[in-house]
Amino acid sequence: MTVMKAVVRRVAGAGLALVLALAVAGPVAAGKKPPPPTTGDKTPPTTPTNLRVTSLSHKSVTLAWDASTDISGSVTYSVNKDGQGFTVPQGQTTYTIGWLSAGRTYTFYVVARDNSLNQSPPSNTVTVTTPQDTTPPSTPALSGSVRGPSQVSLTWTRSTDDLSEFVGYRIFANGVQVTEHLNWYAETQVVLRHLTPSTTYTFTVQAHDFGGNTATSNAVTLTTEATSDVTPPSVPTNVRIVGGFGCPEFFVGWTQSTDDIDPQHLIEYEIYVNGVLSPLAVSAGVDQDFVYATDSGANTFTVKAVDQAGNTSQASNGVTEFC
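Quick notes on the overall build of the protein
Looking only at helices and strands, the protein features 1 helix and 23 strands. Taking all 323 residues of the protein together, the buried fraction comes to 37%. The contacts of the protein with a sequence gap of at least 6 include a subset with a gap of at least 24, amounting to 60%. When the accessible surface of the protein is summed, it comes to about 17,600 Å², and 56% of that surface belongs to carbon and sulfur atoms.

Take a look at the structure:
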């Protein structure tokens, strides 16, 4: 009797589970399709209109536009500058973009997005040209001294500019810009080498900004010392690569030269890359220096020695590296 009751309970329990399953399945069990899922917001905001410039300077522009509307009630804008997007704080319909350059033309438009990332068509396009930079840097004050028969040292005060973060300098000797044999000791100090002994020079320094505006210093007149030394140092030997950081950065080493008058620590060196003098500062009294390769492919480095009278040795052996 007990066994029969247990069997009846199990059969009844299974039947009840089947009934509950059918009740939950509902329309599916009856062969009916479930309702389609909710599709969400697919409607973009309206197009921003009346994009306009409300303020323009050498370095920045402020834009404003008429607001978009959206069914969500929430809109975020993005300002596009020549392909670069800037997100505007939500709901704001004005935006300032800085870090522009003077005298350049830029193109802007605005798009709106809602919380579902639907994007509106772009607004009207606005093209602006920032004002030209016409103000020169401050004028540097130049001073100088003679360093021997073939060298002078020039020092000047730092120039500032109203717009440019960086001010560059050019050196002039007797009205002609000096482009070689410049050894920069600092941004506002340079040594000119390979000058002619017993010769008077007039030097100026010109400060320039990114807008091409210039300011020329006072003139300084210096006369190099006389010398009877006409013999160059010996040719540097054993030129080789002694280190580097991979192309194009190398350290070139050599065996130091000797001179008939100057001690070894006063001999200076020039490194040539594919026959062209490296613009980096020369070193004195050492047997290696840093240099950049300049070509894709073979780069041949040679070294010359220079004494204090400006006499220059023949070129050393060459060492070649490939980039």
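Next comes the rest of the account.
Quick look at the layout of surface pockets
Taken as a whole, the largest pocket holds about 280 Å³ of empty space. Taken together, 13 residues line the largest pocket, and the ones lying closest to its centre are Ser101, Ala102, Leu163, Ser164 and Phe210. Taken together, the residues that form the lining of the largest pocket break down as 5 nonpolar, 5 polar and 3 charged. Estimated volume of the second largest pocket: approximately 150 Å³. What lines the second largest pocket is a set of 13 residues, among which Glu180, His181, Leu182, Ser278 and Pro279 lie closest to the centre. Here the lining of the second largest pocket gets 3 residues from one element, more than from any other, and that element is strand E12 (residues 182-186). Along the lines of polarity and charge, the residues of the lining of the second largest pocket split into 7 nonpolar, 4 polar and 2 charged.

Focus: the pattern of salt bridges
Evaluated as defined, the whole model comprises 5 salt bridges. Between Arg193 and Glu268 there is a salt bridge; the shortest N-O distance is 2.8 Å. Here the residue Arg193 occupies a position in the loop between strand E13 (189-192) and strand E14 (200-208), and Glu268 occupies one in strand E19 (residues 268-273), the gap between them amounting to 75 residues. A relative accessible area of 5% means that Arg193 is categorised as buried. Overall, the relative accessible area of 5% leaves Glu268 in the buried class. Salt bridges linked by common partners bring Arg193, Glu268 and Glu270 together as one network.

What counts and how
Residues numbered from 1 in each chain as written. Predicted model: local features only at pLDDT ≥ 70, side-chain atom pairs only at ≥ 80, totals over all residues. Heavy atoms only, no water. Helix = DSSP H or I, 4+ residues; strand = E, 2+ residues; numbered from the N terminus. Buried < 20%, exposed > 50% of the residue type's maximum accessible area, 1.4 Å probe, protein only. Contact = heavy atoms within 4.5 Å. Areas by Shrake-Rupley, 256 points an atom, 1.4 Å probe, with all protein chains shown as cover. 1 Å grid on protein atoms, 1.4 Å probe; cavity = no way out; pocket = protein on both sides within 12 Å on 5 of 7 lines; lining within 4 Å. Points joined across faces, edges and corners; volume = space filled by probe spheres on them. Nonpolar A, V, L, I, M, F, W, Y, C, P; charged D, E, K, R; others polar. Salt bridge = Lys/Arg side-chain N within 4 Å of Asp/Glu carboxyl O.

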